[in-house]
Structures are given as structure tokens and as C-alpha cells.
Amino acid sequence: MLVYMNRQTGEQENDRIHFRESAEEVSVFRKNETKRNNKWGIVALLFLIYAGIFVFSLVFVMEYSVSTVRIQFSLAYVLRIARQNINNLYQFIIGNGAPGGINFQIIRYLIVGVIGASLAACGALLQGTFRNVLAGPSTLGIQSGGTLGNLIYVLLFETTTETLAVYSADDISEIASQANFFQRNLQQVIVFGGCMFGVLLVVSIATIAGRGKISSSAMILSGTVFSAVIGSFCSLIQYYIIVKNPSDERIELLRSLSMGSLDRAYTAEHLLSMCVVLIPCMALLAAFSGRMNMLTFGEDAARSMGMNVRLYKLLMMGASTLMTAVVTAYVGHIGMIGFMSPQIIRRVAGPDFKILFPASIAFGALLMTIIYDVARVLGMTDSLNLFTSIIGSFVMVFVLLNRKGGRMS
């Protein structure tokens, strides 16, 4: 502490020191605000790009084959179909009906965007909660539990062999209207129950291994083992069905959910049923995403700042599990989206979860739409997990080589 002989001189010196410190703080504050505003610009740009890709997909993306007829692509053919799609979209917007089943495609692409955004949001929050880049919906046993639920549904409740026939959009809508809500969503309910069972089992094992604490390493290891066991069990059941009856169409039902398919999500009712759960959960996660920055300093530091770490982890896990279970119930196992979307976008948006979370949502919807476009052109929309797994595997190797392990710094 300085003692001044001249009170007036001392006050002036003290004022100068205080002014100098305030100017430096204001300068740093302005720089941080400028960087944050630039990051929000990236988020807005991602949502804008997604909107552009959404419209582009409705107009220009088309199947390579229709039923058993293969299409010979040419510039004239693409332009003719694009012109028809633009006209159909315009007629739908102005309220003159839905020519060409344009409403069916709009619903499909909205579902694709929602599931991509939801899985990316879950991945970002789970990785932040456990401070581990390998954490995600695919590694915590949620989706494998859904596979188990689907297996139970196929073996105990599936009795018809007509579910795999090739239908047009109008046929699918007519079939859906003839069944009640429970009949249309029985499979989804059972798959949802399987997801909840899977995550409860993994969390229980991880808690026991951590002696009362939820260990991220134990959860990921338990989830990986659980996924391997369920995958082997499903393969054994499929082998048994093939040996007993090679033409049994339940084999395709088992394969469909494990590979990720939109065969069970095609109406506005499905979209609404998903959004009723997914949108509020994403809003809840967004409201708490800023507090995730506290966990980057470690659990002890977060507790010293007044954060209830255990309650917060349970809240994040509960919301993420619910979202992943709903997605899996309707579209099956779509792996790696929740893992790779936050990893890719973190290099652009930075580690601040206030920015990273909405950026991951936008990029997840964008990435899932592009993957669906590729699958649609190749006629493989019933195997979306194939594309996401291939891309995600390269991203995982890249992340591990750069981080030299799974722990987030």
C-alpha cells in the first residue's frame, strides 16, 4: 500500500492508475465481445446455409432409380424435373394443393433436419458434460437399447408380412390413416422403452464401477460393451431366422432399424410427435449450455463456483437420453452424427458452449440433410447409418490422432 505525503497528488495518482486499469479492461472486453459477435455470425451463416440446402434438396435432388426402373441422368432431364419441383413447391406454398407429393418430401426433409440437429445437440452436451470427445448417443448404449427394443417388437408383435411392400407416398398416407395412433406407433413405443433400458443399465454399471460417482470412462466402456453384446445377439437371432425361413421378412425389419431408415417416419403426425419432445429438450439444453463452460475447468472448480455438478449431469443426461430415444424410435440407429458434428464445428465456432451448442444444431441438420441427399440419389435411404458411420470413422481417427486420447482439454 502506498502512502502519499500530498493528499491531492495522491488522489490524482490514484485516479490515473484506476483510469489506466479500466481502459485495459474495457479494451479486453471489447475484443472478447467482437470475437463473440463474429462467432454468432458463423451460427447465423450455418442456419442460412442449411435453409439453402433444404430448398436445393427439394428442387434438384432426385432418386437414381424408381422401383425397378433405372433413370438415365442428363442435364435436360435434371432441369425438367427441377422445373416440375419448383412449380410443385410454388403451388404448395400458395395453397393450391400438393402436386407430385411435394408435401411428402417436405415432411421427410424436416424430419431429417430435426434428427440431425437433435443428435448433434446431444453429442455436444454429452461431450461437454463428461469432458470426453468420445461421449455421444452411440457410445452410451442408448441406440443399442433401441435395437434391443426393435428385436423384441419383431419377435413378439410383428405378424404381418406385408409391411415391406413398395408403396408410393399416397399409398403410405392411406395405410397410415386406416390405423389408430397406438397401432401406428407401437413399434416406436417399444423401441423407446429399449433405449431407456439401455441407458439405465449402462449408467448403473458405471455408477457401481465409480463407487457412487458417474464415471465417463466407465460409461463409455460399458456402453461399448453393451452395444457389442446387443449387436452379436441380434446377428444370432437373424441367423436363426434365416436358417428357419430364408424368406422371412422379419429379417429386413431387423436390418432396417439397425441401419437407420425413414420407413417409420413419413407423416406430419410423426414429425409432430417427434418435435413435441425434441424441441422443448433442445430449448432446455440451450438454456443451460452456458453453464457447461464451468465444467471445462473441472468438477471441483465448477462446484467452487456454485454449480451442482451431479444434478446438472443428471439433467443433461436425462434430456439427451430422451432426445436420442425418440430419434431412435422413429428412424433407427444413426450413429456418429452426435459425435462428429460437435468435433467438426468446434474448430470453427470455438469451445464456448454458448456458441458451440447452436452451431452444432445447425451443422447437424445441415450434415444430415447432405447425407440423406446422397443416400436418396443412390437409392439407399434405408441405410443412412452406413454413410454416417463411414464419415464418422474418419473423423474419430482424426480427432484421436490430434488429441492423443479422448479427454478434452
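Residues numbered from 1 in each chain as written. Predicted model: local features only at pLDDT ≥ 70, side-chain atom pairs only at ≥ 80, totals over all residues. Heavy atoms only, no water.

A. Structural detail: the overall build of the protein. For the protein, the helix and strand inventory stands at 15 helices and two strands. Counting all 409 residues of the protein, 46% fall into the buried class. Of the contacts made within the protein by residues no fewer than 6 positions apart, 79% connect residues no fewer than 24 positions apart. (Helix = DSSP H or I, 4+ residues; strand = E, 2+ residues; numbered from the N terminus. Buried < 20%, exposed > 50% of the residue type's maximum accessible area, 1.4 Å probe, protein only. Contact = heavy atoms within 4.5 Å.)

B. Highlighting the packing of aromatic side chains. One pass over the structure, following the stated rule, counts six aromatic pairs. An angle of 15 degrees between the planes, with centres 6.3 Å apart, marks the rings of Tyr153 and Phe157 as stacked. With a relative accessible area of 12%, Tyr153 lands in the buried category. These aromatic residues form a ring-pair network of at least three members: Tyr50, Phe54, Tyr109 and Tyr372. (Phe/Tyr/Trp six-rings, centres within 6.5 Å; stacked < 30°, edge-to-face > 60°.)

C. Structural context of the side chain of Ser57. Its location among the elements puts Ser57 in helix α1 (residues 7-60). Setting aside residues up to four positions removed in sequence, Ser57 forms contacts with Tyr109, Thr369, Asp373 and Arg376.

D. Summary view of the confidence of the model for the protein. Across the protein, the average pLDDT comes to 79, with 80% of residues at 70 or higher. Looking over the protein, one finds the lowest element-wise mean pLDDT in helix α5 (residues 169-178), namely 54, and the highest in helix α14 (residues 353-377), namely 93. When the criterion is pLDDT under 50, residues 1-21 qualifies, and its contacts beyond four places in sequence or with other chains add up to two contacts. Per-residue pLDDT stays below 50 along residues 160-168; that stretch engages in ten contacts with residues further than four places along the chain or on separate chains. (pLDDT = per-residue confidence, 0-100.)

E. Representation of unusual backbone geometry within the structure. Its identity is not glycine, yet Met336 carries a phi of approximately 75 degrees, on the positive side. With respect to the helices and strands, the residue Met336 is situated in the loop between α12 (309-331) and α13 (337-349).

F. Structural detail: the state of the cysteines. If you walk through the whole model with that rule in mind, you get zero disulfides. As a non-bridged cysteine, Cys122 has Cys281 as the owner of its nearest cysteine sulfur, 8.1 Å distant. Note on Cys122: relative accessible area 0%, which makes it buried. For Cys281, a relative accessible area of 10% gives the class buried. (Disulfide = S-S within 2.5 Å.)

G. Structural context of helix α3 (residues 102-130). For α3, which comprises 29 residues, the first-to-last C-alpha distance of 42 Å matches the rise-based estimate of 42 Å (1.5 Å per residue) to within 8%. With respect to burial, α3 is a largely interior element, 27 of its 29 residues being buried. A positive backbone phi angle near 50 degrees is found at Arg131, which sits one or two residues after α3. (Expected span 1.5 Å × (residues − 1).)

H. Representation of the nonpolar core. Counting 103 residues, the largest nonpolar core has Ile111, Met219 and Val331 as the members making the most contacts within it. With 16 residues, the top contributor of residues to this core is α3. Contacts of Met219, omitting those with residues within four sequence positions, involve Phe130, Thr139, Leu140, Val202, Val203, Ala206, Ile214 and Met317. (Core = buried A, V, L, I, M, F, W, Y, C linked by side-chain atoms within 4.5 Å.)

I. Inspection of the packing of helix α2 (residues 75-93) against α3 at higher detail. Running from N to C, α2 and α3 point in directions that differ by 85 degrees, and their axes come no closer than 10 Å. The angle between the axes of α2 and α3 places the two elements in the roughly perpendicular class. In contact with Asn88, Leu89 and Phe92 of α2, α3 contributes Ile102, Asn103 and Ile106. Its residues placed into classes, the contact of α2 with α3 shows four nonpolar, two polar and no charged. (Axes fitted to C-alpha atoms, helices over the stretch in contact; angles between N-to-C directions. Parallel < 35°, antiparallel > 145°, perpendicular 65-115°, else oblique. Nonpolar A, V, L, I, M, F, W, Y, C, P; charged D, E, K, R; others polar.)

J. Focus on a nonpolar patch on the surface. On the surface, a cluster of nonpolar side chains totalling about 410 Å² of accessible area is made up of Tyr90, Phe92, Ile93 and Ile94. Take Ile93: it is sitting in helix α2. Ile93 sits in the exposed class, given a relative accessible area of 63%. (Patch = residues over 30% accessible without salt bridge, like charges linked within 9 Å, V, L, I, M, F, W, Y side chains within 5 Å. Areas by Shrake-Rupley, 256 points an atom, 1.4 Å probe, with all protein chains shown as cover. Salt bridge = Lys/Arg side-chain N within 4 Å of Asp/Glu carboxyl O.)

K. Highlighting the environment of Met396. Counting through the fold element by element, Met396 comes out in helix α15 (residues 384-403). With sequence-adjacent residues up to four places away left out, Met396 is seen in contact with Leu134, Met336 and Phe339.

L. Representation of the environment of Phe394 within the structure. Relative to the elements of secondary structure, Phe394 occurs in helix α15. Looking at Phe394, the relative accessible area reads 64%, which means it is exposed. Sequence separation between Phe394 and Met340 is 54 residues; the distance between their C-alpha atoms is 9.4 Å.

M. Highlighting the pattern of salt bridges. The final tally for this structure, using the stated rule, is three salt bridges. The partner of Lys313 in a salt bridge is Glu299, with the nearest N and O atoms 2.4 Å apart. Of this pair, Lys313 sits in helix α12 while Glu299 sits in helix α11 (residues 299-304), placing them 14 residues apart in sequence. On the basis of relative accessible area, Lys313 is assigned to the buried category, the value being 8%. Taking relative accessible area as the criterion, Glu299 reaches 30% and is therefore assigned partly exposed. A salt bridge links Arg303 to Asp300, with the shortest nitrogen-to-oxygen separation between them at 3.3 Å. Here the residue Arg303 and the residue Asp300 both occupy positions in helix α11, the gap between them amounting to three residues, near one helical turn. Residue Asp300 is classed as exposed on the basis of its relative accessible area of 63%.

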